[in-house]
Amino acid sequence: MTQDSSSAHSRTVTVDDDGVRRRLADGSEEAVTWTELSSVMVRVIPDGPWNEDVFFMLVGTDGKGTAVPSGDPAADALIERLQSLPGFDNEKFIEAMTTDADQAYVVWESGKN
């Protein structure tokens, strides 16, 4: 199997006090700010163990957002920040992180805290 050089691959993910930004290999950027964040999903795609199979999907109020692979170096900082959101569903998060089911788990939604 050849290495996929798709432009969807991350070059860098930044998690800071403003939000989350993901710069893609083609130079484009996806971003969502904490104030605009409307929902967080954990998307599981049973494609492991060699391919990335868990993604954190962050959606803003405008419908735009970003997906961060769980294997990204910034994922630990992202998880820590997400778990501090009021009403974050840790039980559903743990279920999502320990399953191989092909599905998305909504672990947080604004206004449901």
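See the structure shown above.
First, a word on scope: everything that follows refers to the structure included in this document.

Calculation rules
Residues numbered from 1 in each chain as written. Predicted model: local features only at pLDDT ≥ 70, side-chain atom pairs only at ≥ 80, totals over all residues. Heavy atoms only, no water. Pairing = 2+ DSSP bridges. Helix = DSSP H or I, 4+ residues; strand = E, 2+ residues; numbered from the N terminus. Axes fitted to C-alpha atoms, helices over the stretch in contact; angles between N-to-C directions.

Taken together, the 5 bridges between strand β2 (residues 19–24) and strand β3 (residues 29–33) define a ladder with antiparallel strand orientation. Looking across to β3, one finds that R21 is bridged to A31. Linking β2 to β3, which pair antiparallel, is a turn of 4 residues; within it G27 sits at a positive phi near 95 degrees.

Before going further, it helps to examine the sheet that holds strand β5 (residues 54–60). Where strands meet in a sheet, backbone hydrogen bonds hold them as pairs that are either parallel or antiparallel. On the basis of which strands lie adjacent, the open sheet formed by 4 strands has the order β6-β5-β4-β7 and antiparallel pairing. Single-partner strands in this sheet number two, and they are β6 (65–69) and β7 (103–109). Sheet twist, expressed as the mean angle between neighbouring strand axes with direction ignored, is 20 degrees. Across 5 bridges, β5 lies against β6 in antiparallel orientation.

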